[in-house]
Structures are given as C-alpha cells and as structure tokens.
Amino acid sequence: MTDFSDLLKADNHQPARSIRIVDAQGLDAWLAGQPERVRTLVAAQKFKGKAHDHAILPGDDPADWSVIAGVASREKLGPWCLAKLAETLPDGAYRIVEASAGPAMLGWLTAQYRFDRYRKEENGAGARVLLTGEVAQIEAVVRLAEAVALVRDLVNTPAADMGPGDLEAAVRKVSERFDAECQVTKGDALEHGFPMIHAVGKAADKSFAPRLIELRWGDPKHPKVAIVGKGICFDSGGLDIKPSSAMRLMKKDMGGAAHALALAQLVMGARLPLRLHLLIPAAENAVSGNAFRPGDILRSRKGLTVEIGNTDAEGRLVLGDALTLAGEDKPELVIDYATLTGAARVAVGPDLPALFTNDDALAVEMDAAGSAIDDPTWRLPLWDGYAEMLKSDVADINNAGEGGFAGAITAALFLKRFVPEDTPWMHLDTFAWRPSSRPGRPKGGEALGLRAAFHLLQARYGHKK
C-alpha cells in the first residue's frame, strides 16, 4: 500500500515549488498584476483557469518555476480539485500559497495511489509531496486516504488471491493493528449457526471454504454500532450461472466487505467512543455437485425459511444471517455495505450508492454527511408495498423478487426481515468500482459512501467522552 504519510508533510519552510490557485472568474484580475512574460506564457499554454488545468510559470532563475492551478471555485475547494496536479506534476515538494488546501489534501494523496501487486510501473513518477500549515489535519487525512486505498486494494485483487481466507487475513491484520478481538466461525459451527452463509459457500473448494469473520473493539459501555459487509469473494451466479460478460468483474463482489473493514479501520483509528462489531460473511458462490439449487428451502439463523428463487441472489442470504447476529447484540445502529444489485446501478449509476434505511432522521444525517465531504449517496424508498413480490408458497420468504421490477428495493426489503424492527439500520447498495478514471480516482476498485458514513459517525459520537 502507498505510504501516504510521506506525501503530506508539515510546512517548516523547507524548499518547495509554489502552487497558486485561481478560478476562471478571478483569472483576469490575477493576470492584470503579472509581468508581460508571465501573461505571454500563460496564454501560450492556453490556461483559462478551468478546473484541473494548470500552467507552469517562470521564476527569476533558470531552474526556478512555479504552478498556477485552476479550480472550480477558489472559495470552496473540494477533495479532488488538486488531484490532477498530483498525477501530472514532476516529483518533488509543493506548497499552496495564499490559500489553504483543506479538503483537497485528500485528493492529492489518493491521486498517487497505485495498485502494483502484479505489475510494477516502468519509469514510474516519484512522490509529489504537499507541504501544509494545517498540521493538525494531517493525521486524519492520511487515515482517510489509507481507508480508501484499503478498499481499492481489496477490490482490485483477483479472486484467486482474495478468497474467504484472504479476506479473513485482511481483517486479522487490521484487528492486530488496533488490538481488537477477532473471531472466525466456519465448518460445522457455521453450518449450524449460520446456515445460509454455509449454503452459499459450500460448493467452493475447501481452500475457499465459507466463514463468518467478526471483529469487536471498544469499551462495552459505549454505544454499540454494528457494521456488516457482503464478502462474496467471487460470484459465478451459482447454478443460475451468470453470462461471461456479467462474471468478468465479480472479483469485486466482496466490495461491501472491503467498505465495512475500511469503515471499522477509520472508527478505530479515530478512537471513536463506540463498541464496534464488524461482521463479514465471506464465501464464494461457486458451481459444483453440492451447490444449493433453485427451489431449495434454506433455514436461516433467525429461523425464517427462505425459498431460493435464484441462486444469483446470494448476497442477501449471507447478509441475512450476519444481520441477525448483529441484531442479537442490540446495537443502536446497524450499517451494511453490499454490491447487491444491478438494479441499483440502473437506478443511480456507478457513482451513487443507493441508500435504504428504516429511519428518516438517519437518512437526513447521511445526506448531510455526503454533501459536506463530496461523498454522495442517494436514498431509494424502502417501500413495503413491494414486499409481496418476495412471497413464497412454500416458505416464509423467497430470495428473489418476481417480475424483474424494483430489484434494489426488494433486495433491501429482504434484508429488512433480518434487522430488529426497533433498530436504526442503513443499507448501502454500492458499486465499489469506477468504470473510468477521474482526477484522484483511478479506474478500478473504489470507496463509495465510505467517507460519508464515517463523517456521520464522527458527528454522532466524536464529541462524546
């Protein structure tokens, strides 16, 4: 993983190149105060002050130069407004002059993320170090960048190297870092205690055996918060097998687990006064002679019987057992992340996690948190009127809605059956993937809705002692 602590340093007046920030509205006024040679060079580089554009300015000495960078609004910097600079400038140290980087420090770091486990970059660029006077914020920004990188690394890793055992190892690594308790349930104990997790994962090779991974941290006297993440390490679709085009990116079907682990890491890193319970049901939805079948009836940990309408609707099954266990601890808040439905992507596209919740106040909090830090989600209705689509003639509930309508909503309604009615709960149906690159956000695995949830938790609990 990239060492972000080397890329953001306290400004102690060490040598560095200057970056001046300007927006399109203020460019003419700035140019009016510059010598003719600067105006000529800016014009030659066709710099108009637009967001993500920049120009190189000459200094007094031949080797001296600085940067002028365009942003959408000089008065309100966002997390990605300096990210393109961190991707394109030569290596070295830089400082923002006559302004503070603020939230843009995050994009400066995430722009330099590289997934190089399998291929080293030839002639790769060196580090671009940003110097800042906002020293008190450095540690928190580095923690955010590390959490984003953790999601990206886990999701980008192919399934052969990111099976249930590898996911367990990732949780144990974070657990050891923060002296948390880690417990793993598998084998006979999983089959009897978490039968739906077992059923989904039993067809996989023994080296990819299913398991429930738990992490507990914090003072038991503090408010209890459960974070649950779907950990389907590869999804073939099971016997209702996916076409090859749909299977191509299924290494990312554990993206919910990656988000949940990253959020837990942020909570522990900030030492929020919570009793944290992380739950990751990890399995591979494979095809073999003992795979669960369409028409099978599974008994869940909660005791509800579930008719299998489609084996490719497996994520909600493993989450159902995990959410049941989370509720048994009587938390005051449950958050789950899952790459659950294609229907959510049709509804809100790849950038916006679909948000479902049984608590209107929680929805307002999450919307405000996402807007505050440019990590938006979009609420969809948890519409009980569609619950009849999940009815079964032979079991308590069917795992797949009929008719192809409202797929994201019916999936959320299925999960709702496994959450205690009086427990505030938030479900994020996220894509965990960026189809094309943007400044600070390369193509590949991506954290979506992670920073917003952490901001919400900080607002709720950060002031408590």
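**Student:** Any chance you could explain the pattern of salt bridges here in plain terms?
**Tutor:** Here the structure, examined in full by the defined rule, presents 25 salt bridges. Put simply, Glu 446 and Arg 152 hold a salt bridge, and the shortest N to O gap is 2.9 Å. Remark: Arg 152 occurs in helix 5 (residues 135-156) and Glu 446 occurs in the loop between strand 20 (444-445) and helix 15 (450-461); sequence separation between them is 294 residues. With respect to class, Glu 446 is no different from Arg 152; both count as buried.

**Student:** When you look at the sheet that holds strand 17 (residues 397-398) in this model, what are you seeing that I'm missing?
**Tutor:** Paired through their backbone hydrogen bonds, the strands of a sheet run either parallel or antiparallel. Read from one edge to the other, the open sheet built from 3 strands follows the order 12-13-17, with strand pairing classed as mixed. The open sheet terminates on both sides in strands that have one partner only, identified here as strand 12 (297-299) and strand 17. Pairing analysis gives 3 bridges linking strand 12 to strand 13 (residues 305-307), with the strands arranged antiparallel. Bridging across to strand 13, Leu 298 finds its partner in Val 306.

**Student:** What's the story with the sheet that holds strand 6 (residues 128-132) in this structure? I'm lost.
**Tutor:** Reading across from one edge, 1-6-5-2-4-3 is the order of the 6 strands in this open sheet, with mixed pairing throughout. Bordering the open sheet on either side are strand 1 (8-10) and strand 3 (54-58), each of which pairs with just one other strand. Averaged over all adjacent pairs, the angle separating strand axes in this sheet is 35 degrees, with direction ignored. Two strands pair when backbone bridges link them, and strand 2 (residues 17-22) and strand 4 (residues 65-70) are joined in this way by 4 bridges, in the parallel orientation. Residue pairing for strand 4: Arg 20 is matched across the bridge by Ile 68. Relative to strand 1, helix 5 is tilted by about 160 degrees, and along the sheet it contacts strand 1 and strand 6.

**Student:** Honestly, helix 5 in this entry has me stumped. Any pointers?
**Tutor:** An α-helix turns once every 3.6 residues. As a result, residues three or four positions apart point the same way. The end-to-end C-alpha distance of helix 5, which contains 22 residues, comes to 32 Å, matching closely the 32 Å that a straight helix rising 1.5 Å per residue would cover. Of all 22 residues that make up helix 5, 16 are buried, and the element is covered over most of its length.

**Student:** Can you walk me through the packing of helix 5 against helix 10 (residues 255-269) in this structure?
**Tutor:** If you want to describe how two helices pack, look at the angle between their axes and the distance between the axes. Interaxial distance between helix 5 and helix 10 falls to 9 Å at its minimum, and their mutual angle equals 160 degrees. When the axis of helix 5 is compared with that of helix 10, the two are roughly antiparallel. Here the hand of the crossing between helix 5 and helix 10 comes out right-handed. Here Arg 143, Leu 144, Glu 146, Ala 147, Leu 150, Val 151, Leu 154 and Val 155 of helix 5 come into contact with helix 10, specifically with Gly 255, Ala 258, His 259, Leu 261, Ala 262, Gln 265, Leu 266 and Gly 269. Taken together, the residues of the contact of helix 5 with helix 10 sort by class into 10 nonpolar, 4 polar and 2 charged.

**Student:** Looking at this structure, how should I read the packing of aromatic side chains?
**Tutor:** Geometry of an aromatic ring pair is reported as the spacing of the ring centres plus the angle between the planes. Enumeration according to the criterion identifies 4 aromatic pairs in this entry. A ring pair is formed by Phe 414 and Phe 418, whose centres lie 5.3 Å apart and whose planes are at 45 degrees; its orientation type is tilted. Residue classification places Phe 418 among the buried positions, given a relative accessible area of 1%.

**Student:** When you look at the environment of Pro 164 in this model, what are you seeing that I'm missing?
**Tutor:** Position of Pro 164 relative to the elements: it lies in helix 6 (residues 164-177). For Pro 164, a relative accessible area of 0% translates into the label buried. Placed 47 residues apart in sequence, Pro 164 and Arg 211 show a C-alpha to C-alpha distance of 6.9 Å. The residues contacting Pro 164, other than those within four sequence positions of it, are Phe 208, Ala 209, Arg 211, Ile 213, Cys 233, Ala 282, Ala 283 and Glu 284.

**Student:** Hey, could you run me through the nonpolar core in this one?
**Tutor:** As a rule of thumb, nonpolar side chains are buried together in soluble globular proteins. Within the largest apolar cluster, 56 residues are counted, with the highest numbers of intra-cluster contacts made by Leu 167, Leu 261, Leu 263, Met 268, Leu 278 and Leu 457. Broken down by element, the residue count for this core peaks at 10 residues, all from helix 10. Formed by 45 residues, the second largest nonpolar core is a distinct cluster that contains Val 228, Phe 292, Val 334 and Phe 414.

**Student:** Explain helix 15 here, please?
**Tutor:** Taking 1.5 Å of rise per residue, the 12 residues of helix 15 would be expected to cover 16 Å, and the 17 Å separating its terminal C-alpha atoms lies within 8% of that figure. Taken together, the buried residues of helix 15 touch helix 4 (104-110), helix 5, strand 9 (224-229), helix 10, strand 14 (333-338) and helix 13 (360-373).

**Student:** Just checking my understanding: could you explain the packing of helix 11 (residues 315-328) against helix 14 (residues 407-416) for this structure?
**Tutor:** Taken N-terminus to C-terminus, the directions of helix 11 and helix 14 make an angle of 30 degrees; their axes are 9 Å apart at the nearest point. For the element pair helix 11 / helix 14, the angle class is roughly parallel. Note on packing geometry: the crossing formed by helix 11 with helix 14 is right-handed. Here helix 11 contributes Arg 316, Leu 317, Leu 319, Gly 320 and Leu 323 to the contact with helix 14, which in turn contributes Ala 411, Phe 414 and Leu 415. Of the residues contributing to the contact of helix 11 with helix 14, the split by class is 6 nonpolar, 1 polar and 1 charged.

**Student:** Could you clarify how one ought to interpret the environment of Ala 264 in this entry?
**Tutor:** Along the chain, Ala 264 falls in helix 10. Residue Ala 264 is classed as buried on the basis of its relative accessible area, which comes to 0%. Contacts of Ala 264, omitting those with residues within four sequence positions, involve Ile 227, Leu 276 and Leu 278.

**Student:** Could you clarify how one ought to interpret the state of the cysteines in this entry?
**Tutor:** Here, the word disulfide means a covalent bond between the sulfur atoms of two cysteines. Under the criterion given, the structure shown has 0 disulfides. Free of any disulfide, Cys 182 has its nearest neighbouring cysteine sulfur in Cys 233, separated by 14 Å. On the basis of relative accessibility, which here comes to 1%, the residue Cys 233 falls in the buried class.

The rules we used
- Counting of residues starts from 1 at the beginning of each chain's written sequence and follows it residue by residue.
- It should be noted that, the model being predicted, local features are given only for residues of pLDDT at least 70 and side-chain atom pairs only at 80 or more, the latter also being counted only at that level, while totals for whole chains, interfaces and linings use all residues.
- Only hydrogens and water are set aside when side-chain values are computed; all heavy atoms of the structure are taken into account.
- A pair is scored as a salt bridge if a Lys or Arg side-chain nitrogen falls within 4 Å of a carboxyl oxygen belonging to Asp or Glu.
- Put simply, DSSP marks the helices as runs of H or I at least four residues long and the strands as runs of E at least two long, and each gets a number from the N terminus on.
- The rule is simple: take the accessible area with a 1.4 Å probe, protein chains only, and divide by the maximum for that residue type; under 20% is buried, over 50% is exposed, in between is partly exposed.
- Two strands pair under a simple rule: DSSP has to find at least two bridges between them.
- Angular values range over 0 to 180 degrees, each being the angle between N-to-C directions of two axes fitted as lines to C-alpha atoms, with helices fitted over their stretch in contact.
- In what follows, residue pairs with any heavy atoms lying within 4.5 Å of each other are defined as contacts.
- Helix span, as expected, comes to 1.5 Å for every residue beyond the first.
- An angle counts as roughly parallel when it lies under 35 degrees, as roughly antiparallel when it exceeds 145, as roughly perpendicular when it falls between 65 and 115, and as oblique in every other case.
- In this scheme the handedness of a crossing depends on how the near helix is turned from the far one: anticlockwise by less than a right angle means left-handed, clockwise means right-handed.
- Three categories are distinguished: nonpolar for Ala, Val, Leu, Ile, Met, Phe, Trp, Tyr, Cys and Pro, charged for Asp, Glu, Lys and Arg, and polar for the others, with Gly belonging to the last.
- A pair of Phe, Tyr and Trp rings is counted when the ring centres sit within 6.5 Å of each other, with Trp represented by its six-membered ring. The angle between the planes then sorts it: under 30 degrees is stacked, over 60 is edge-to-face, the rest tilted.
- Here, nonpolar core means buried Ala, Val, Leu, Ile, Met, Phe, Trp, Tyr and Cys residues that are tied together by side-chain atoms lying within 4.5 Å of each other.
- When two cysteine sulfur atoms are found within 2.5 Å, that pair is recorded as a disulfide.

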